[in-house]
2 protein chains.
Amino acid sequence: MTDAARPLVLISHQMLSPVQQALEAAGYDVARRWELVPGQADQVRAIVHAGEIPLSHEFLESLPRLGLIANVSVGYDGVDVPWCRARGIEVTHAKGLNADDVADHAIGLLIAGWRNIVAGDAVVRGGGWRDDPRVGNRPGLRGRKLGVMGLGAIGEAVAVRGAALGMEILWWGPREKPQAPWPRAASLTALAQASDILIVACRADETNRKAVDREVLDALGAHGMLVNVARGSIVDEDALIAALKEGRLGRAALDVFETEPTPVARWADVPNTVLTPHSAGGTVDSIPRMVGQALENVRLFIAGEPVMSAV
Amino acid sequence: MTDAARPLVLISHQMLSPVQQALEAAGYDVARRWELVPGQADQVRAIVHAGEIPLSHEFLESLPRLGLIANVSVGYDGVDVPWCRARGIEVTHAKGLNADDVADHAIGLLIAGWRNIVAGDAVVRGGGWRDDPRVGNRPGLRGRKLGVMGLGAIGEAVAVRGAALGMEILWWGPREKPQAPWPRAASLTALAQASDILIVACRADETNRKAVDREVLDALGAHGMLVNVARGSIVDEDALIAALKEGRLGRAALDVFETEPTPVARWADVPNTVLTPHSAGGTVDSIPRMVGQALENVRLFIAGEPVMSAV
């Protein structure tokens, strides 16, 4: 039942269902997109959204009173921002709120992959640890080159951590950053060519779809490693899998995928990979901050005040 | 066959057999402890050794011409140094040569355990990744307290990396270090009490055998985590396993064990663990440095010159 006096807020995906209670406690009625009741669409004023999930023009056009899409996430690649702006729909996100957590996870993936921590755990548990000669070990990290694609809040936090490991930092992004303390490569391919490990840490949009393609992966090379904590769309995943299988790329550690959850069978025969279920940014510390900011943006919008953290 | 003109050097364990070629190239005859030929023991001048492996008094007494134990490793807990000194046997080790590599691995274990990287990899590969609500996530690391047991070269390198993750650093060791930039706890138990994560990074000796006992583990607590990259002997492993099984300790990530290789069955029912096969210090960068220093110490000793890096 929708009370006309209580604004109606839509939750766009069941992964966000824990937010419902907070919205109701704040005085809103809540609609659930996956259980939308007839008559609700006409009343939706705001959407609380996870930015990587596509919101089609058709669906948004079915919400005539919609004025705000408040992303709980940092990314908002599922939202056509210019199209929304043209229709007076504001879009907000969780800018920078989980940069530390994503960067920690990125460095964890880097070390876990490069230094065989996940593989070593399987060796110990599988009985494969023998008193063999101590040869065939992995390279260390000090002095190796860490390429950061995208020097935003997350990319900077990754670079600071990599520097503490003694790695040499390089980066590339489409815009110059004169204040950045690390050198910018001439192109993404040049960055991959110069890097031992390439970390994807940029925002996803139409300009960088499958930007990490066969050419970039071959530039990274047979001894190189790719880490992706940004979005699966930025990497040509078929090209990545082929490069790993053919030994043209050394290893990969991925928190994000072309489709999520990624199909189990897709990775069964792909060597030298560490895979986590899009968990880099979600900690018990960052999630309340991110949800809290989205709820505050809903409150500001309903009250007719300027929102915070517009995209 | 032993050529009386060529000094005889003993390799103490088959894990060191790759060193044999370098020793022979340097002009020594090489004896292998696991295939000792009658008559060799009388001629052994030096041992190239992995310090964690016990060298019994009885065995050393069977080598009347022994004058040097050159450890390829940083640790030398298998060697009774005062006993050797009293008999004129010098002992050297690889002081500080792999501190960066061990610290990298320690931080990798810390993040892989705390942020569920190893567990997440199993979830993705096992088909357990579902579109569930994003709840039940782990805490982040910024602002959490990292206790470092032993502030030598490795402990310092761990502390620098932890600080780059935004963690608060504390430490404990038996000796004051007035130059240390981080506060020293009053005791090991006090350190564990104040820490979210305790990293064991000290040298093993008779004074700290099973120092991380039930009391220390309970002080670390149900939300705490233990990381050990030093030696298994420093932790009461039975107490550790009981604490993990009973939920009195949150999690553990271990590169070293009471016995190595550790029995597979010992860890089958122990939750929230990451286990690696004593691989923290062995990289293709550090191993040649460590072996090179041991070989140089053998050369100096045979030439009658002062050795480097005595313990």
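What you see as residue numbers is a count from 1 along each chain, following the sequence as written. Labels follow written order: the first chain is A, the first ligand is 1, and so on. Residues qualify for local features only when their pLDDT is at least 70, as the model is predicted, and side-chain atom pairs are given and counted only at 80 or more; totals for whole chains, interfaces and linings, by contrast, use all residues. To obtain the side-chain values, all non-hydrogen atoms of the structure were included, while hydrogens and water were left out.

### Digging into the overall build of chain A
- Only runs of H or I of at least four residues qualify as helices and only runs of E of at least two qualify as strands under DSSP, and these elements are numbered from the N terminus. Summing up its helical and strand segments, chain A has 10 helices and 11 strands in all.
- Radius of gyration means the value over C-alpha atoms here, while the globule rule gives 2.2 Å times the residue count to the 0.38 power. Relative to the 2.2 N^0.38 estimate, which gives 19 Å for 311 residues, the radius of gyration of chain A is 22 Å and therefore close to what a compact globule would have.
- Per-residue accessibility, obtained with a 1.4 Å probe over protein chains only, is compared with the maximum for each type, and a residue is labelled buried under 20%, exposed over 50%, and partly exposed between these values. The buried share of chain A, reckoned over its 311 residues, is 56%.
- Relative to all contacts within chain A whose residues are 6 or more apart in sequence, the contacts with residues 24 or more apart total 59%.
- Surface exposure here means Shrake-Rupley accessible area, sampled with a 1.4 Å probe, where a residue is shielded only by the protein chains that are shown. Split by element, the accessible area of chain A, about 12700 Å² in all, is 51% carbon and sulfur.
- Residues scored as charged are limited to Lys and Arg (positive) and Asp and Glu (negative), so that His and the chain ends carry no count. To locate a charge, the coordinates of NZ of Lys, CZ of Arg, CG of Asp or CD of Glu are taken. When the 31 basic and 37 acidic side-chain charges of chain A are each reduced to a single mean position, those positions are 4 Å apart. In this description, contact between two residues means that some pair of their heavy atoms is separated by no more than 4.5 Å.

### Comments concerning the relation of the copies chain A and chain B
- In this comparison the copies share one frame, found by least squares on the C-alpha atoms of residues holding pLDDT of at least 70 in both. Mapping chain A onto chain B is achieved by rotating through 180° and translating by 0.0 Å along the same axis, at an RMSD of 0.1 Å. Both chain copies can therefore be described as sitting about a two-fold axis.
- Looking at the interface residues of chain A, 100% of them are also at the interface in chain B, so both copies use one shared face.

### Some remarks on the environment of Ala185(B)
All names here are of chain B.
- Here Ala185 shows up in the loop between strand 7 (168-172) and helix 7 (188-194).
- Linking Ala185 and Val148, residues 37 residues apart in sequence, is a C-alpha distance of 9.9 Å.
- Ignoring anything within four residues of it in the chain, the contact list for Ala185 reads Trp171, Trp172, Ala190 and Leu191.

### What to know about the pairing of strand 1 (residues 8-11) of chain B
Residue and element names in this part refer to chain B.
- Judged by which residues are buried, strand 1 turns out to be covered on both faces: Leu8 and Leu10 on one side and Val9 and Ile11 on the other are all buried.
- Strands qualify as paired when DSSP identifies two bridges or more between them. Pairing of strand 1 with strand 2 (residues 29-32) involves four bridges; the strand directions are parallel. Its bridge partner being in strand 2, Leu8 is matched across the sheet by Asp29.
- A right-handed crossover is one whose linking path, passing over the helix from the first strand to the second, runs clockwise when the strands point away from the viewer. In the classification by handedness, the crossover that spans strand 1, the intervening helix 1 (residues 19-25) and the parallel strand 2 is right-handed.
- Relative to strand 3 (residues 44-49), strand 1 runs parallel, the two sharing four bridges. In the sheet register, Ile11 faces strand 3, and the bridge partner there is Val48.

### With respect to the domain arrangement of chain A
Residues and elements named next belong to chain A.
- The domains assigned to chain A are domain 1 (8-93 + 284-303) and domain 2 (98-275).
- For the domains described, the bounds stem from an automatic or database domain assignment. The gap between the C-alpha centroids of domain 1 and domain 2 is 32 Å.
- Buried surface area refers to the total accessible area, computed with a probe of radius 1.4 Å, that the two partners give up upon joining, counted for both partners together. Buried area between domain 1 and domain 2, both sides added, is near 620 Å², and the carbon and sulfur share of it is 48%.
- Considering only the surface of domain 1 that becomes buried against domain 2, Val74, Tyr76 and Asp77 emerge as the three largest contributors, covering 52% of it.

### Describing the packing of helix 4 (residues 99-114) of chain B against helix 6 (residues 153-164) of chain B
All names here are of chain B.
- Axis definition: a line fitted to C-alpha atoms, limited for helices to the stretch in contact. Angles are taken between N-to-C directions and run from 0 to 180 degrees. It is the contact of helix 4 with helix 6, at a shortest axis distance of 8 Å, that shows an interaxial angle of 50°. As judged from the angle between their axes, helix 4 and helix 6 are oblique. The handedness of the crossing between helix 4 and helix 6 comes out as right-handed. For the pair formed by helix 4 and helix 6, the contact residues are Ala99, Asp100, Val102, Ala103, Asp104, Ala106 and Ile107 on the first element and Ala153, Ile154, Ala157, Val158, Arg161 and Gly162 on the second.
- Classifying every residue of the contact of helix 4 with helix 6 by side-chain character gives nine nonpolar, one polar and three charged. Any angle between 65 and 115 degrees counts as roughly perpendicular, while under 35 counts as roughly parallel, over 145 as roughly antiparallel, and the rest as oblique. The hand of a helix crossing depends on one turn: near helix anticlockwise from the far one by less than a right angle means left-handed, and clockwise means right-handed. Residue polarity is assigned by list, with Asp, Glu, Lys and Arg as charged and Ala, Val, Leu, Ile, Met, Phe, Trp, Tyr, Cys and Pro as nonpolar; anything else, Gly included, falls into the polar class.

### Overview of the pattern of salt bridges
- Any carboxyl oxygen of Asp or Glu that lies within 4 Å of a side-chain nitrogen of Lys or Arg is treated as forming a salt bridge with it. The full count for this structure, using the stated rule, is 37 salt bridges over all chains.
- Residue Asp100(B) pairs with Arg142(A) through a salt bridge whose shortest N-O separation is 2.5 Å. Here the residue Asp100(B) occupies a position in helix 4, and Arg142(A) occupies one in the loop between helix 5 (117-126) and strand 6 (145-149), the pair thus bridging two chains.
- In this structure Asp100(B) comes out as partly exposed when scored by relative accessible area, which is 23%.

### Overview of the sheet that holds strand 4 (residues 68-71) of chain A
Residue and element names in this part refer to chain A.
- Taking strand neighbours across the sheet as the criterion, the five strands line up as 2-1-3-4-5 in an open arrangement whose pairing is parallel. Of all strands in the sheet, those bounded by a partner on one side alone are strand 2 (29-32) and strand 5 (90-92). Going from strand to strand, the sheet's axes swing by 20° on average, the running direction of each strand aside.
- Packing against the sheet, helix 10 (residues 286-302) makes contact with strand 1 (8-11), strand 3 (44-49), strand 4 and strand 5, and its axis sits at approximately 160° to strand 4.

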